[in-house]
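Structure assessment
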Amino acid sequence: MRITFLAGTLGQGGAERQLYYMAKTLHGAGSEVRILSLARGEFWEPRLERLGIPVTWVGKPATKAGRLARIVRELRRHPADVIQSQHFYTNLYSAAAARMTGTKAIGAIRGAVAHELRGTGRVFGYFCLRAPEIVASNSVAAIHSAVALGVPAGRMRLLRNAVDTEHFRPREDRPAATVRLLSAGRLIEAKRFDRFLAAVARLRGAGVPLGATLVGSGPLKGALLRQAADLGLTSDHFEIRDAVDDLAELYREADVFVLSSESEGMPNVVLEAMASGLAVVAARVGDVEEVVRSGQNGLLFEADDVAGLEEAIGTLASDPALRRRLGEQARRDIVEAASLGRMRRDLEDLYGRAVA
């Protein structure tokens, strides 16, 4: 098939990583894949081009109408069977361009619907949600939210995130003198890293030998560093590392991964941590419960329950055998349910339905 993706950005976010996985999988299966991007010179662009996948910048016109005209020109120059939006805010461009060129359009929901609508504005978001013939979401919870807002259920499709289980692998041994916690994500309010720090400080105050690493960049870095200092977390106990291209080595250095967010779709970091054989402590948000089964391959807590977060971390910190058992099961579950091979089958089904 001929698949054209429309991306708002090719930066280092989770949606962009999934775009890379999809493009690589489809290209390897013999599909003709192209990328249209509203941004240029970003992280994934050279990596896609090294695979032999052309990336075209369509973001130069300053107006939405001008960008749409550029997208339409590219689709007429290189016809596609499907144009697939990779970001919610590019859905309307994809849907309009598809109607003007006789192409099938697939929209995207990459996170909580309420968050997507806040990010686009009420009017533009309304059309981004309803304009595409089919909307692919990585989250069952987001699908339910979209249907509750009036999107016909028949238009919605589940396209789960996948992870490269060959790249994200466990290390051979996990020394346990000091239990190393890892959390990662953009340093913004929705991730609630303040709760993560509070839990770490309380457990250390109770004598639990913990160290914590937070990986990410964003507007709250200064506030989080000040909070850590106020809580008595020194550089021996806690560090913030800037966002990195690849978390694989950091997962292998850790013992437990913590997701403290109050809002998510299906976070890539949870899949990667589980593929890396880590025991995961995660908030019950988005579709996390679809992959993390509390007591079987990780531990869950209610998103606003700081005491529950603290208890779950403390439980794993004090029980190496439990950490090992949960991490091993997590790895098995992700290999079975979230590999790139499974993504290929899901994409084949999605495009078959779209074209039909």
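Everything below is about the structure printed above this text.
Structural notes, computed from the coordinates. Note on numbering: residues in each chain are counted from 1, in written sequence order. Confidence filtering applies because this is a predicted model: local features only for residues at pLDDT of at least 70, side-chain atom pairs given and counted only at 80 or more, and all residues used for totals across whole chains, interfaces and linings. Each side-chain value is derived from all of the structure's non-hydrogen atoms; neither hydrogens nor water enter the calculation.

1. As for the overall build of the protein
- Note on conventions: DSSP H or I runs of at least 4 residues are helices, E runs of at least 2 residues are strands, and numbering of each starts at the N terminus. If you tally the helices and strands in the protein, you get 15 helices and 13 strands.
- The globule rule puts the C-alpha radius of gyration for 356 residues at 21 Å, and the 21 Å found for the protein is close to it.
- Overall, the C-alpha framework of the protein stretches about 65 × 40 × 35 Å when taken along its three principal axes.
- Each residue is assigned to one of three classes by its accessible area relative to the maximum for its type, calculated with a 1.4 Å probe on protein chains only: buried under 20%, partly exposed between the two thresholds, exposed over 50%. Across the 356 residues that make up the protein, the buried fraction comes to 54%.
- Relative to all contacts within the protein whose residues are 6 or more apart in sequence, the contacts with residues 24 or more apart total 68%.
- Shrake-Rupley sampling with a 1.4 Å probe provides the accessible areas, and residues are treated as covered by the protein chains on show and by no other component. With the model as given, the accessible surface of the protein reaches about 15,100 Å², and the carbon-plus-sulfur share is 50%.
- Positive charge is attributed to Lys and Arg, negative charge to Asp and Glu, and no charge count is given to His or to the chain ends. Where a charge lies is defined by one atom per residue type, namely NZ (Lys), CZ (Arg), CG (Asp) and CD (Glu). Once the 48 positive and 42 negative side-chain charges of the protein are each reduced to a mean point, those two points are 7 Å apart. Values of the radius of gyration come from C-alpha atoms, whereas the globule rule sets the reference at 2.2 Å times the count of residues to the power 0.38. Any pair of residues with heavy atoms lying within 4.5 Å of one another is described as a contacting pair.

2. Focus on the pairing of strand β4 (residues 82-85)
- The alternating pattern of β4 places Val82 and Gln84 on one face and Ile83 and Ser85 on the opposite face, and all of these are buried.
- As paired elements, strand β1 (residues 2-7) and β4 share 4 bridges and run parallel to each other. Bridge pairing in β4 places Phe5 opposite Gln84.
- Two strands qualify as a pair provided that DSSP identifies no fewer than 2 bridges between them. With 3 bridges connecting them, β4 and strand β5 (residues 104-109) associate as parallel partners. Bridged to Ile83 within β5 is Ala105.
- By convention, orient the strands away from the viewer: a clockwise path from the first strand over the helix to the second makes the crossover right-handed. As for the winding sense of the linkage, the β-α-β connection from β4 through helix α4 (residues 91-101) to β5 is right-handed.

The quantities given are spatial measurements derived from coordinates; they are silent on function.
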